[in-house]
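# Structural overview for review
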Amino acid sequence: MKTPTLLLILLLATTAYAATVTVTPATVYETTTAWEQLDVNNYKGSSIITKITVDSPSLTITDAAEYLGWTQTQDADTAEWKNGTIETNVKDAAFEFQVSAPNVTSNSTVPITITYGSGSTVLNVTVLNDATPPAITGVKPNTYARANNAAQLVSANIIDAETSVSGATYTWNDCGSGPDSTIVLTKSLDTYAGTANFSGYSEGGKACYKFTAKNNPGETGTLTGELLFDGTAPNVSISSPTTFATETTDFKFTASDNIATTLSCEIKLDSTTLDTVNVTNGTTTTLTKNLTGFTEGSHTWTATCTDGVGLSATKAQAIMLDTAPPSIIIDYTPSIPRTQTSELKTTVTDTVGLASVNATFEGAAIVLTKSGDVYKGTISSNTTGTKTIVVETKDDAGHTTTKTATVTIVPNHIVTLTLSPDSTTTGSTITASGTITKDGNTTSTEVIVKTPSGNTTKTLSGSDYSSTFIAPDPGTYIITTEFTEAGYTYKALATLTVRTISAAPEPPVFSGDGAGEWRTSGYVKPPEPQAPTTPSNPVTPTQPQAHGTGPASQQYVPLPPESPRSALTPKGTGVFSLGGAVKWLAILLALALLIGLGVYSYNRRGPKEDGGIDWNGYFKDGS
Ligand SMILES: [Ca+2]
Ligand SMILES: [Ca+2]
Ligand SMILES: [Ca+2]
Ligand SMILES: [Ca+2]
């Protein structure tokens, strides 16, 4: 084959199966550098490529990547890779080179020539003009600045996404004819900051400022504003709550400032922030907050408001947090005889206070009298059966509590008890007798008479009963008759006084028999000092109680025996061992003193008799 023929075949083959090359991104912003990637596709190409050359006469090449298997050389207008191979099964072989763009006034196309094997291609890279200056945001301070501040920090976020920021300054003046002051700002990431001297700017004064920033191609961005100078903290006042708060509470406060038109206010309960809001100068703000997460009791809420220059004021208010309804304790007698009046005592307490306390019995209001936390009233019914007491209360926070109690109105059987005599001396026979006045039908036919000698069950004779017993040692005793019907016990009580036998005033001779009796001739034993609580009046009657629910029954309890006797009575052996007139004189003097005291005490005592008090109808739990 002749050489021209071979060349033609090779040319045809090259034409038919030429490798292809592309460059990405094929753009670069003015004044910046960018990596361009050359992709070579030799798939089913006509020959193995062993050398790639980039010629860029107009766009400076500043770097070229190195790859194993290729020898790389690079200068300002050339990048070359050789001694490697791109076989015809390679669809993409990448070769990267960096270009540096000039400053342009409009987008410009720059040709570069790619030579690969026997082929070459001209590709275009566009140098982009950056039409946008740097963006300035987040200016501090803005609107307000601290008055007379010689070292005011000023800053802004400044970026230029395309060609980067080359520098920024801050300029200010008095917004009038005064001179400009300018400082160069220092870059830290995207923040440019500096320190301005505002010492000449007093409260109420004004300054005009300008941030100026340039990008690398030289485009300039500015941001201007005015500052009002403020040197006085705001005022905060609290309207409510001032006493208590509850689950949902309106927090109301007023904030004002000499300069700022808007204040940032934070409200807290103790150390917990409830809300942070911006409020208009001089206005009252109400924030409704849910406090269910806080504990009942004492808290402090605060409102802190900050003006435009960071000066703040805080107002604090102690409050009680009340989330619980009032507590009600009803103290009542669970069973009350028909027509009898019984006291109702209810104790109502709350954290913050009570708006109302009301009670009803059988649906009718009970008149209550208040003493501290205790509310007292009376209840009575003419009909037997189960009745309901309802106590309702509301606290100042609006929580309500309702408590009910059930009382049983029982028949009003009346038991009487008469002692004959009711004042006597030891060893005398005493008759305890009385009647049962029945309220409706009864089935019980017995009473129990409780005396110092023991309990005696007596069968009623008609409505009457009678029992006798022997008067015990001197003292005062309560005698009880109990009549139990349908589970309720009705009682009558009477007081028995057993007197001491009188004697003449002679030197005492103690019997020494251990019985504790004075044996004297003509000696009058001084009246025994009595405990001041000795019930010279009848025991206050109480209503019958349901079995098992009322207080323990009052058992027959003799009043304290005349206890001073043992203390004042010398033992026989002791007396007779005494010797000498002095000792006897001392004893006599002591006795005389005791006689005097005893007489005085006796005169101070209430009447021993029941004094005509009608014991009828007095009854008490006897179970
Ligand atoms: Ca430009
Ligand atoms: Ca720009
Ligand atoms: Ca202020
Ligand atoms: Ca409460």
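Read on for a plain summary of the structure. These figures come from a predicted structure and were not determined experimentally.

What follows is about the overall build of the protein. Each helix and strand in the protein was counted, giving 4 helices and 47 strands. The buried share of the protein, taken over its 623 residues, is 30%. Residue pairs at least 24 apart in sequence account for 68% of intrachain contacts in the protein once pairs closer than 6 positions are excluded.

Turning to the sheet that holds strand 25 (residues 283–290), a few remarks are in order. The sheet built from 3 strands is open, its strands ordered 20-22-25 with antiparallel pairing. Two strands close off the open sheet at either side, each with one partner strand: strand 20 (235–240) and strand 25. Taking the axes of each pair of neighbouring strands and ignoring which way they run, one obtains an average angle of 25° across the sheet. The sheet contact formed by strand 20 and strand 22 (residues 248–256) spans 5 bridges and is antiparallel. Its bridge partner lying in strand 22, I238 is registered against F253.

Once that is clear, we can look at the sheet that holds strand 44 (residues 475–485). One open sheet accounts for 5 strands, arranged 39-45-44-41-42; its pairing is mixed. One side of each edge strand has no neighbouring strand; the edge strands of this open sheet are strand 39 (423–425) and strand 42 (454–459). Strand-to-strand twist in this sheet, taken as the mean axis angle between neighbours without regard to direction, amounts to 30°. Two strands pair when backbone bridges link them, and strand 44 and strand 45 (residues 488–499) are joined in this way by 11 bridges, in the antiparallel orientation. In the sheet register, Y477 faces strand 45, and the bridge partner there is L496.

Looking now at the environment of I379. Relative to the assigned elements, I379 resides in strand 34 (residues 374–379). For I379, a count of 22 C-beta atoms within 10 Å gives the class buried. Residues I379 and I389 lie 10 residues apart in sequence; the distance between their C-alpha atoms is 8.9 Å. If we skip the residues at most four places from it in the chain, I379 touches S342, L344, F361, I366 and I389.

Reading guide: rules and limits
Residues numbered from 1 in each chain as written. Chains lettered and ligands numbered in written order. Predicted model: local features only at pLDDT ≥ 70, side-chain atom pairs only at ≥ 80, totals over all residues. Helix = DSSP H or I, 4+ residues; strand = E, 2+ residues; numbered from the N terminus. Buried ≥ 20, exposed ≤ 12 C-beta atoms within 10 Å, placed from the backbone. Contact = placed C-beta atoms within 7 Å. Pairing = 2+ DSSP bridges. Axes fitted to C-alpha atoms, helices over the stretch in contact; angles between N-to-C directions.

Keep in mind these numbers describe shape, not what the thing actually does.
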